[in-house]
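Listed below, chain by chain, are the residues.
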Amino acid sequence: MPTNKKELRLHYKHLRKQLSADDIEEKSLMIANNLLQLPIWNKTYYHVFLPIEEQKEINTEYILHLLSGKDKEIVISKSDFETRGMSHFLLTDNTKIKKNEYNIPEPVNGLPVASEMIEVVFVPLLAFDLLGNRVGYGKGFYDKFLAECKPETMKIGLSFFEAQNEIEDVFELDIKLDYCVTPEKTYAF
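Overview of the structure. Just so it is clear, the model here is predicted, and its values are computed rather than measured. (Residues numbered from 1 in each chain as written. Predicted model: local features only at pLDDT ≥ 70, side-chain atom pairs only at ≥ 80, totals over all residues. Heavy atoms only, no water.)

Re the overall build of the chain
Moving on, step 1. Each helix and strand counted, the chain has four helices and twelve strands in total.
Moving on, step 2. On C-alpha atoms alone, the chain measures out to a radius of gyration of 16 Å, which is about the 16 Å that the 2.2 N^0.38 rule sets for 189 residues.
Moving on, step 3. Residue burial in the chain is summarised as follows: out of 189 residues, 48% are buried.
Moving on, step 4. Once local pairs closer than 6 in sequence are excluded, the contacts in the chain between residues at least 24 apart make up 68%.
Moving on, step 5. Averaging the coordinates of the 23 positive side-chain charges in the chain and doing the same for the 30 negative ones gives two points 2 Å apart. (Helix = DSSP H or I, 4+ residues; strand = E, 2+ residues; numbered from the N terminus. Rg over C-alpha atoms; globule rule 2.2 N^0.38 Å. Buried < 20%, exposed > 50% of the residue type's maximum accessible area, 1.4 Å probe, protein only. Contact = heavy atoms within 4.5 Å. Lys, Arg positive; Asp, Glu negative; His and termini not counted. Charge placed at Lys NZ, Arg CZ, Asp CG, Glu CD.)

Below you can see the structure in the form of structure tokens.
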């Protein structure tokens, strides 16, 4: 089993490619249902990523429905590939969403929200370990964003697959998850 970030990225991208559209829907719904068991629903501002379908990411539509049903403020982001930064916007009925050149659905406009206001972040990832370390696509967007959030912001990874025992090449500045939720199980760190 691979244990460094580069090999893990390749391995989990390959595993994702094997998933059918039905697998993704079923597993995404199971993840959303498992999220209901977490002690996170007393907050106001929740950040959700919109999935890159071409990368077979988790369908976060189920999570959006949960948040909307609980009258939460939903925050989505726009990425700046030059600065590797993200700007955040409130998702409202008027928000226009458009895919960028990397097929990431992003808000075209909207009401800006500061990173410090966000209380819960659902974090996309390719792999994670039993210590709460995560492997993303390696561009550092989420590491930078999570560093801008308050220390008490809840960081919740979402994964189709179970935890690795360990990721070897973790950096000191990598920000750990508080939880990671899979279709089968919830991990607390």
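Quick look at helix α4 (residues 141-148)
Moving on, step 1. For α4, the set of buried residues is Phe141, Tyr142, Phe145 and Leu146. For α4, the angular spread of the buried residues around the axis is 115 degrees, confining them to a single face. (Arc of directions from axis to C-beta.)

Focus: the sheet that holds strand β12 (residues 186-188)
Moving on, step 1. Taken together, eight strands build an open sheet; the order of strands is β6-β3-β2-β1-β7-β10-β11-β12 and the sheet is mixed. Only two strands of the sheet have a single partner each, and these edge strands are β6 (112-113) and β12.
Moving on, step 2. Bridge count between strand β1 (residues 45-47) and strand β7 (residues 120-124): two bridges; the pairing is parallel. Its bridge partner being in β7, Tyr46 is matched across the sheet by Val120.
Moving on, step 3. The strands touched by helix α3 (residues 61-69) within the sheet are β1, β2 (73-80), β7 and β10 (154-158), with β2 carrying the most contacts at an inclination of about 140 degrees. (Pairing = 2+ DSSP bridges. Axes fitted to C-alpha atoms, helices over the stretch in contact; angles between N-to-C directions.)

Some words on the pattern of salt bridges
Moving on, step 1. The final tally for this structure, using the stated rule, is four salt bridges.
Moving on, step 2. Across the pair Asp174 and Lys5 runs a salt bridge, and its minimum N-O distance is 2.6 Å. Residue Asp174 is located in the loop between β10 and β11 (179-181), and its partner Lys5 is located in helix α1 (residues 5-17); the two are separated by 169 residues in the primary sequence. (Salt bridge = Lys/Arg side-chain N within 4 Å of Asp/Glu carboxyl O.)

Focus on the packing of aromatic side chains
Moving on, step 1. Enumeration over the complete set of coordinates arrives at nine aromatic pairs.
Moving on, step 2. When the ring of Phe81 is compared with that of Tyr102, the centres are 4.0 Å apart and the planes differ by 25 degrees; the resulting orientation is stacked. Here Tyr102 lies in the loop between β4 (97-99) and β5 (105-107) and Phe81 lies in the loop between β2 and β3 (85-90), a separation of 21 residues in the sequence.
Moving on, step 3. A residue is classified by how much of its surface remains accessible, and Tyr102, at 43% relative accessible area, is partly exposed.
Moving on, step 4. Taking the centre distance of 6.4 Å and the plane angle of 80 degrees together, the rings of Phe160 and Phe161 count as edge-to-face. Each of the two residues, Phe160 as well as Phe161, counts as buried.
Moving on, step 5. Each residue in the set Tyr12, Phe160 and Phe161 is aromatic and connected to the rest through ring pairs, giving one cluster. (Phe/Tyr/Trp six-rings, centres within 6.5 Å; stacked < 30°, edge-to-face > 60°.)

Observations regarding a positive patch on the surface
Moving on, step 1. Taken together, the side chains of Lys13, Lys17, Arg84 and Lys139 present a region of like positive charge at the surface.
Moving on, step 2. Looking at the element boundaries, Lys139 is found in the loop between β9 (134-135) and α4. (Patch = residues over 30% accessible without salt bridge, like charges linked within 9 Å, V, L, I, M, F, W, Y side chains within 5 Å. Areas by Shrake-Rupley, 256 points an atom, 1.4 Å probe, with all protein chains shown as cover.)

Thoughts on the pairing of β10
Moving on, step 1. The buried fraction of β10 is high, at five of five residues.
Moving on, step 2. Burial along β10 is two-sided: the face carrying Met154, Ile156 and Leu158 and the face carrying Lys155 and Gly157 are both buried.
Moving on, step 3. Both β7 and β10 contribute to a ladder of five bridges, which runs parallel. Counted as the bridge partner of Val123 is Gly157 from β10.

Concerning the nonpolar core
Moving on, step 1. In terms of nonpolar packing, the biggest core is built from 52 residues, with Leu35, Phe122, Ile156 and Leu158 touching the most fellow members.
Moving on, step 2. Residues contacting Leu35, with those up to four places away along its chain left out, are Ile40, Trp41, Ile63, Phe122, Ile156, Leu158 and Val181. (Core = buried A, V, L, I, M, F, W, Y, C linked by side-chain atoms within 4.5 Å.)

Geometric descriptors of this kind do not, in isolation, establish any biological role.
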